[in-house]
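What follows is each chain in one-letter form.
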Amino acid sequence: MKLYYSQGACSLSPHIALLEAGLPFDLVKVDLKAKQTEKGENFLEINAKGYVPVLGLDDGTVLTEGPAILQYIADLKPSLHLAPPAGSRARYALQEWLNFITSELHKPIGSLFNQNMPDSWRHSVNELVGRRLDWVSSQLGEKPYLMNEFGVADCYLFTVLRWTRYVGIKLNPWPNLVAYMDRMQERSGVTHALKTEGILK
Ligand SMILES: N[C@@H](CCC(=O)N[C@@H](CS)C(=O)NCC(=O)O)C(=O)O
């Protein structure tokens, strides 16, 4: 398998999942502005949508969209319980989280990186993200991970919450989220991914 990624982007989440699952894979860095891989390939020929993450499978096809990729990785190693079994009630709870993270956190927090965003809009997005973080914090409570056991939803939540520090959102109002981020950062898969992407020394 091949993971197409960009440093610190949402592709960090399947990167962590692959490492936590102990699966073999190659990493291919993508220049998202130039739409070119580090090998000089035209990235738009790999994913016409032009964004990471992309998982190149051994059968020559590619899988896109973070939540789908995460579940694919988890299902390759069912014994690790990175996702509940397909078809179970708990699997739908995972999908509920992945959809929430992608639409209610990833996209709004990601939009704050846009320097052209007018202040009034930025203010509204900050308020919305604050309400969403209230929800995440209330659901996490004192649990160590989103669904009790570590899983792919945590890989994704960690990845998007990491961005808050770059867009001026402080997590201090939610001490359990601060503790969660510290706990996640201690995991070997997380540290390994951050080091490999050149984020952590
Ligand atoms: N719907 C996609 C969105 C992925 C996405 O937003 N990727 C960003 C990085 S976090 C990207 O590659 N942006 C570059 C672009 O859209 O040109 C998913 O959930 O995987």
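Thresholds, definitions, all that
- Just so you know, the residues in each chain are numbered from 1, in the order the chain's sequence is written.
- Thresholds applied to this predicted model are a pLDDT of at least 70 for local features of residues and 80 or more for the giving and counting of side-chain atom pairs; totals over whole chains, interfaces and linings are not thresholded and use all residues.
- Runs of E in the DSSP output that reach at least two residues are strands. Runs of H or I that reach at least four are helices, and both are numbered from the N terminus.
- Our radius of gyration looks at C-alpha atoms and nothing else; its globule reference is 2.2 Å times the residue count to the power 0.38.
- To assign burial, the other C-beta atoms lying within 10 Å of each residue's own C-beta are counted, with C-beta atoms placed from the backbone; 20 or more indicates buried, 12 or fewer indicates exposed, and intermediate counts indicate partly exposed.
- An automatic or database domain assignment is the source of the domain bounds shown.
- Whether two residues are in contact is decided by their C-beta atoms, placed from the backbone, lying within 7 Å.
- We call two strands paired when DSSP finds no fewer than two bridges between them.
- Assignment of crossover handedness uses the view with strands pointing away from the viewer, where a clockwise path from the first strand over the helix to the second indicates a right-handed crossover.

> Quick question: what am I supposed to make of the overall build of the protein chain here?
Summing up its helical and strand segments, the protein chain has eight helices and five strands in all. In the protein chain, the succession of α and β elements from N to C terminus is β-α-β-β-α-β-β-α-α-α-α-α-α. In terms of overall size, the protein chain behaves like a compact globule, its C-alpha atoms giving a radius of gyration of 17 Å where 201 residues would be expected to give roughly 17 Å. Put simply, the protein chain has 201 residues, and 29% of those count as buried.

> Whenever I open this one, the domain arrangement of the protein chain confuses me. Can you help?
How big an interface is tends to be reported as the loss of accessible area on association of its parts. Under the domain assignment used here, the protein chain contains domain 1 (2-80 + 190-196) and domain 2 (89-187). For domain 1 versus domain 2, the separation of C-alpha centres amounts to 21 Å. Of all the secondary-structure elements, those providing two or more residues to the side of domain 1 that touches domain 2 are helix H1 (12-21), helix H3 (66-76) and helix H8 (188-196). Looking at the side of domain 1 that touches domain 2, the element that brings in the most residues is H3, giving six residues.

> Would you explain H3 in this entry?
Given 3.6 residues to a turn, an α-helix orients residues that are three or four positions apart in the same direction. If you check which residues of H3 are buried, you get Gly-66, Pro-67, Ile-69, Leu-70, Gln-71, Ile-73 and Ala-74. Here the buried face of H3 lies against H1, strand E4 (54-56), strand E5 (62-64), helix H4 (89-111) and helix H6 (152-162).

> Which parts of the structure should I look at to understand the pairing of strand E2 (residues 26-31)?
Two faces belong to every sheet, and in a regular strand the side chains alternate between them. Examined bridge by bridge, strand E1 (residues 2-5) and E2 share four bridges and lie parallel to one another. Pairing of Leu-3 across the sheet is with Leu-27, part of E2. A crossover connection joins E1 to the parallel E2 through H1; in handedness this β-α-β unit is right-handed. Bridge count for E2 against strand E3 (residues 36-37) is two bridges, and the pairing is antiparallel. Bridge pairing in E3 links Asp-31 to Gln-36. Following E2, the chain reverses through four residues before pairing antiparallel with E3; Lys-35 in that reversal takes a positive phi of roughly 55°.

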